[in-house]
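# Summary of the model geometry
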Amino acid sequence: MNTHTIGDVIYPPGGTFETHNLNCFQIFVMGTGNCVITAEGEAYRCETGSIFMMYPNTHYLIQFDKKMECSHYWVALFDYSSLYPKLKLLNSEVFVIKQNLVLQDYMALCLRLRDTSGFDLAELSFVNQYFETLTDYVLEISKTKSRISSKVVIALNCIRTRFSEALNLALLAESAHCSPEHLSRLFKQSGLPPPMNYLKEFRLNKALYLIKETSISFKEIAQQVGIPDPYQFSKSVKNKYGRSPREVRKSDRKNSIPKKQNPQNTGG
């Protein structure tokens with residue numbers, strides 16, 4: 001089964017593309033030129049460098065610039081079950097992100113690696129990482145009226161990809177090529193918690209998922225989420241969720257008993 005596709009294409013002046021009942025979740029990036037995309041009767045103008053998100057079971061008509069040749073590229077994800085909760089939160093048939101160089105560069109890297117020998121095995125993980133980063137970014141935009149700085153996006157992606165490491169504010173700021181003070185100001189301007197608070201929340205959300213959905217030991221979970229001290233890990237979970245890791249897992253197992261009647265369906 002084909003789980004995802006990465007590609008690019010060039011359209012002649014005035015070219016069009018139409019899809020009925022799109023059967024995948026897709027990121028579409030304008031490389032050169034402009035286009036107008038109509039989704040469920042509503043038109044959106046997408047300029048060079050714009051990124052827009054296309055949803056399953058939706059009708060799209062894309063009309064490219066009549067005066068020039070246009071290029072675009074995309075990632076299509078056919079198994080989007082892991083992203084579905086976030087996609088429901090976005091609640092939009094299309095979401096346009098204008099002139100975001102960070103995500104555009106991420107896509108360009110994806111395309112460059114597409115033809116690299118030996119990349120096939122890692123490609124799906126890379127694609128899922130891209131989608132996770134982009135949906136998180138769009139969710140953060142939807143929470144604030146102000147535009148999120150690209151430096152904040154870089155820091156958020158650093159948190160997502162390196163949360164198991166011993167991160168601190170200085171390292172996050174270094175990844176975003178700015179001072180710790182400036183990064184903290186940018187997070188505040190974006191309506192986000194301070195960087196280290198955001199990191200703590202991210203780690204605890206990951207921990208909650210692993211506690212509830214796996215049988216991994218609490219010591220190993222603590223290592224995986226970047227809180228290696230068992231006492232501190234247990235204390236952090238209890239402060240956040242009102243229960244110890246053991247109590248969270250015990251409660252979840254008790255509530256999920258009816259779902260596990262089929263012994264072949266216990267892997268999660």
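Since the structure is predicted, the reported quantities are computational estimates derived from the model, not experimental observations.

For the protein, the count of helices and strands is 10 helices and nine strands. Per-residue burial over the protein gives 44% buried out of 268 residues. The contacts in the protein between residues at least 6 apart in sequence include a share of 74% that link residues at least 24 apart.

Once that is clear, we can look at the packing of aromatic side chains. Following the criterion strictly, the structure yields five aromatic pairs and no others. For the ring pair Phe25 and Tyr55, a centre distance of 5.3 Å and an interplane angle of 75 degrees mean the geometry is edge-to-face. Remark: Tyr55 occurs in the loop between strand 6 (51-54) and strand 7 (60-64) and Phe25 occurs in strand 3 (residues 25-32); sequence separation between them is 30 residues. For Phe25, a relative accessible area of 0% gives the class buried. On the accessibility criterion, Tyr55 (7% relative accessible area) is buried. On the numbers, 4.6 Å between centres and 25 degrees between planes, the contact of Phe28 with Phe52 is stacked. With Phe28 in strand 3 and Phe52 in strand 6, this residue pair connects regions lying 24 residues apart in the sequence. Exposure class is identical for Phe28 and Phe52. Each is buried.

Spatial strand order, 2-7-4-5: four strands in an open sheet with antiparallel pairing. Sheet topology places strand 2 (16-19) and strand 5 (42-46) at the edges, where each strand pairs with a single neighbour. Strand-to-strand twist of the sheet, defined as the mean angle between neighbouring strand axes without regard to direction, takes the value 15 degrees. Here strand 2 pairs with strand 7 via four bridges, running antiparallel. Directly across from Thr19, in strand 7, lies its bridge partner Tyr60.

A few words now on the packing of helix 4 (residues 150-162) against helix 6 (residues 180-189). Two elements in contact, helix 4 and helix 6, have axes whose closest approach is 9 Å; the angle formed by their N-to-C orientations is 100 degrees. When the axis of helix 4 is compared with that of helix 6, the two are roughly perpendicular. Residues Lys151, Val152, Ala155 and Leu156 of helix 4 form the contact with helix 6, whose own contacting residues are His182, Leu183, Leu186 and Phe187. When the residues that make up the contact of helix 4 with helix 6 are grouped by side-chain class, the tally is six nonpolar, one polar and one charged.

This part is about unusual backbone geometry. Backbone geometry places Asn57, a non-glycine residue, at a positive phi of 60 degrees. Checked against the element boundaries, Asn57 lands in the loop between strand 6 and strand 7. Positioned with a positive phi, His177 is a non-glycine residue whose angle comes to about 60 degrees. Counting through the fold element by element, His177 comes out in the loop between helix 5 (169-175) and helix 6.

Attention now goes to the side chain of His72. Considering the arrangement of structural elements, one finds His72 in strand 8 (residues 70-77). Look past the residues within four positions of His72 in its chain and what remains in contact with it is Asp8, Val9, Tyr11, Phe28, Val29, Met30, Gly31 and Phe64.

With respect to the helices and strands, Thr214 occurs in the loop between helix 7 (195-213) and helix 8 (218-224). From its side chain, Thr214 meets the backbone oxygen of Leu210 in a polar contact 2.5 Å long.

Closest axis-to-axis distance for the helix 4/helix 7 pair is 10 Å, and the angle between their directions is 35 degrees. Helix 7 is crossed by helix 4, and the crossing has right-handed handedness. When helix 4 is examined against helix 7, the residues Leu156, Ile159 and Arg160 are found in contact with a partner set consisting of Pro195, Tyr198, Leu199, Phe202 and Lys206. The residue makeup of the contact of helix 4 with helix 7, split by class, is six nonpolar, no polar and two charged.

Let us now look at the pattern of salt bridges. Within this structure, the stated rule accounts for three salt bridges. For Arg45, the salt bridge is made with Glu47, and the minimal N-O distance between the two is 3.9 Å. The partly exposed category is assigned to Arg45, whose relative accessible area is 46%. Notably, a salt bridge pairs Lys240 with Glu201, separated by 2.5 Å at the nearest N-O pair. Of the two residues, Lys240 is situated in helix 9 (residues 230-241) and Glu201 in helix 7; the sequence distance between them amounts to 39 residues. Given a relative accessible area of 34%, Lys240 falls into the partly exposed group.

Procedures and definitions
Residues numbered from 1 in each chain as written. Predicted model: local features only at pLDDT ≥ 70, side-chain atom pairs only at ≥ 80, totals over all residues. Heavy atoms only, no water. Helix = DSSP H or I, 4+ residues; strand = E, 2+ residues; numbered from the N terminus. Buried < 20%, exposed > 50% of the residue type's maximum accessible area, 1.4 Å probe, protein only. Contact = heavy atoms within 4.5 Å. Phe/Tyr/Trp six-rings, centres within 6.5 Å; stacked < 30°, edge-to-face > 60°. Pairing = 2+ DSSP bridges. Axes fitted to C-alpha atoms, helices over the stretch in contact; angles between N-to-C directions. Parallel < 35°, antiparallel > 145°, perpendicular 65-115°, else oblique. Nonpolar A, V, L, I, M, F, W, Y, C, P; charged D, E, K, R; others polar. Polar contact = N/O pair within 3.5 Å; in protein donor to acceptor, adjacent residues only side chain to side chain. Left-handed = near helix turned anticlockwise from the far one by under 90°. Salt bridge = Lys/Arg side-chain N within 4 Å of Asp/Glu carboxyl O.

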